[in-house]
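# Coordinate inspection notes
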Amino acid sequence: MKQTLAKQLDAINEYEREPVPQSKLKGLKSFIGMYAGEHTAGTEFVIGPLFVVHGVTAPDLFLGLLVGNLLAVLSWAFLCAPIAVKTRLTLYFQLEKICGKYLVSGYNIVNALMFCFLAGSMIAVAATAVGIPFDIAMPGLEDMYPNSVGWMVTVFFVGAVITVVAILGYEQISRFANVCAPWMILVFIAAAFAVMPQLGITSVGSFWEVAQSRIWTGVPVEGFSKFTFWHVAFFAWFANMAMHIGMGDLSILRYAKKWQYGFASTTGMFLGHVIAWIASGILVAAASGAITPGPIAYNSAGIAGAICVMIAGWTTANPTIYRAGLAIQSIVPTVKRWKVTLVVGLVTTVAALFPALVMRLLDFVALYGLVLMPMGAIIFIDFYIIPKLGLRSNYASAVNSRFNIAAGVTWIATLLICLSLNYFQGIEIFFLGLPGWFIAATLYIMLSKVYQQKQTAPHIIREVSSSSF
Amino acid sequence: MQTILKILSFLGLALTIVPSLLVFSGVIELSFHKTLMLAGTLLWFFTAPFWLNKTKHPEAV
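Note that this is a predicted model, so its numbers are computed, not measured.

### What to know about the overall build of chain A
- Helices and strands together make up the secondary structure of chain A, namely 19 helices and 0 strands.
- Taken over the C-alpha trace, chain A has a radius of gyration of 22 Å; the compact-globule value for 469 residues is 23 Å, and the two agree within 12%.
- Its C-alpha atoms put chain A at 75 × 50 × 40 Å along the principal axes.
- Burial analysis of chain A (469 residues in total) assigns 58% to the buried set.

### Notes on unusual backbone geometry
Residue and element names in this part refer to chain A.
- Here D135, not a glycine, exhibits a phi torsion of approximately 55°, which is positive.
- Of note in the backbone geometry, N400 takes a positive phi value of approximately 55° without being a glycine.
- Topologically, N400 is positioned in the loop between α17 (395-399) and α18 (405-424).
- In this structure N400 comes out as exposed when scored by C-beta crowding, with 9 C-beta atoms within 10 Å.

### A look at the interface of chain A and chain B
- Each partner contributes to the interface: chain A provides 33 residues, whereas chain B provides 24 residues.
- Elements with a contribution of two residues or more to the side of chain A that touches chain B: α2 (28-38), α8 (170-199), α11 (250-253) and α13 (293-329) of chain A.
- For the side of chain A that touches chain B, the leading source of residues is α8 of chain A, giving 14 residues.
- Partitioning the side of chain A that touches chain B into residue classes produces 21 nonpolar, 8 polar and 4 charged.

### Thoughts on the nonpolar core
Residues and elements named next belong to chain A.
- Core analysis: the largest hydrophobic core is formed by 188 residues, its most contacted members being I123, A126, A191 and A297.
- Per element, the largest residue contribution to this core is 20 residues, and it comes from α13.
- Each residue touching A191, except ones within four places of it in the same chain, is listed here: A279, L283, A297, S300, A301 and G305.

### Regarding α13 of chain A
All names here are of chain A.
- An ideal rise of 1.5 Å per residue puts 54 Å on 37 residues; α13 reaches only 33 Å between its terminal C-alpha atoms.
- The sharpest bend along α13 measures roughly 145° and falls at A301.
- Most of α13 sits inside the fold, with 36 of its 37 residues counted as buried.

### A short note on the packing of helix α5 (residues 91-99) of chain A against helix α6 (residues 101-130) of chain A
All names here are of chain A.
- Contact geometry for α5 and α6: axes closest at 7 Å, N-to-C directions at 135°. By the angle class used here, α5 and α6 are oblique. Considering the relative orientation of α5 and α6, their crossing is right-handed. Contacts from Y92, L95, E96 and C99 of α5 reach α6 at K101, L103, V104 and Y107.
- Its residues placed into classes, the contact of α5 with α6 shows 6 nonpolar, no polar and 2 charged.

Parameters at a glance
- Residues numbered from 1 in each chain as written.
- Chains lettered and ligands numbered in written order.
- Predicted model: local features only at pLDDT ≥ 70, side-chain atom pairs only at ≥ 80, totals over all residues.
- Helix = DSSP H or I, 4+ residues; strand = E, 2+ residues; numbered from the N terminus.
- Rg over C-alpha atoms; globule rule 2.2 N^0.38 Å.
- Buried ≥ 20, exposed ≤ 12 C-beta atoms within 10 Å, placed from the backbone.
- Contact = placed C-beta atoms within 7 Å.
- Nonpolar A, V, L, I, M, F, W, Y, C, P; charged D, E, K, R; others polar.
- Core = buried A, V, L, I, M, F, W, Y, C linked by C-beta atoms within 7 Å.
- Expected span 1.5 Å × (residues − 1).
- Bend = angle between axes of the 7 residues up to and from the residue.
- Axes fitted to C-alpha atoms, helices over the stretch in contact; angles between N-to-C directions.
- Parallel < 35°, antiparallel > 145°, perpendicular 65-115°, else oblique.
- Left-handed = near helix turned anticlockwise from the far one by under 90°.

In structure tokens, the structure reads:
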């Protein structure tokens, strides 16, 4: 078993600290399949219903999803992919070259923590399906804390299984997830079609009227804020902000033959997000407002629906826990990776016990993107702008620094400014990513000018900087 | 063999989606759709892993 695990870890660690060689590049098909699978996750069963709960109107939802997901695809294609295929480095190594080892360690801890919470929400989603045969009391919209012993036992059971699989079977589960992807998308669509007659939709022509009057009515549930077109568009754009604008997918797209493969994210955004969020919204309306994913899928698609929720939660929680383990392990390389993953799995499972994580998922996802976004802005500026200003790209690597103060201050200051805007000005977290990016970009340019002038030493050899694509 | 497996897999996917369209059209009941969907699910999972996903995907680390 040890040998198998070591082999798997070696495979994952390929080219962690060097560019991916030409012979290992992948074709477009790999990315189309991967994006479609990655973005049909357990959390989609929660996001769609939460739009309903927040009182989005049907026109706002459809237009918002169209605009937001289009912007997300363009962000992958024009911001992340071109840098990925020029450098062919992982996000972590690219950041280390710019920010230095210590700052990247800080980033990794925050990243791992975010991954834990994200995986926790997926475990909770899977648990709502596992608990169906045992008639376990599921948490409701208002529940912030665990509401029954049955719920806690179910979450612990699901969390334990997912953690063990994350330790032993990353490769297998990743392949299994790819097998599940086309089937899952069809289950989402089928479940929605099957309950449409219950809502009074008996023809394509009657859909729009019922959609406005019974599904996305524009009336939020008591205690939840009202969402508009802007909320939907910005949420759809920034739901994966950490991956595109935040540059997380440098690690994936570095395998792409061409930067245009960034457009492969279209499958994830439009087949995954758009269809899944619309379908799960319809299921909620058919379940008279109940939003617990397992039961609503079971009501509309029977056992296959419950299996879909379980698999959707499981297959996405698994690599997320694994990635969190990798992030932490890079900080403490002497500790065995399986031990790190075990601890990460435990933290994730404890987080999953709290329904607040699921019920406030939209806020958490927005916060997740916001926290990691400044580093994406730093990479972008470092790649395109810094060389044009006569400054050094990959500064930490060039001067052998372990902490690029300009990058560190940019990260912290951007977050403080954004959170202040949220706290003092009342600007909702969904809208802070866009101004936040420009704040981070401006700060990094200004601070780099000051910092690099102070730190310049004659022996430093300028690293090869990259030109625009 | 591969071809037969592929045909069965696509039959499984068809059984997953088509019954819901029949419910939508008022041809079959919701409960029958659930049974057919489960059959389609089983068919897919017992056949697709043998031919789908033979090539490795890029590492998502």
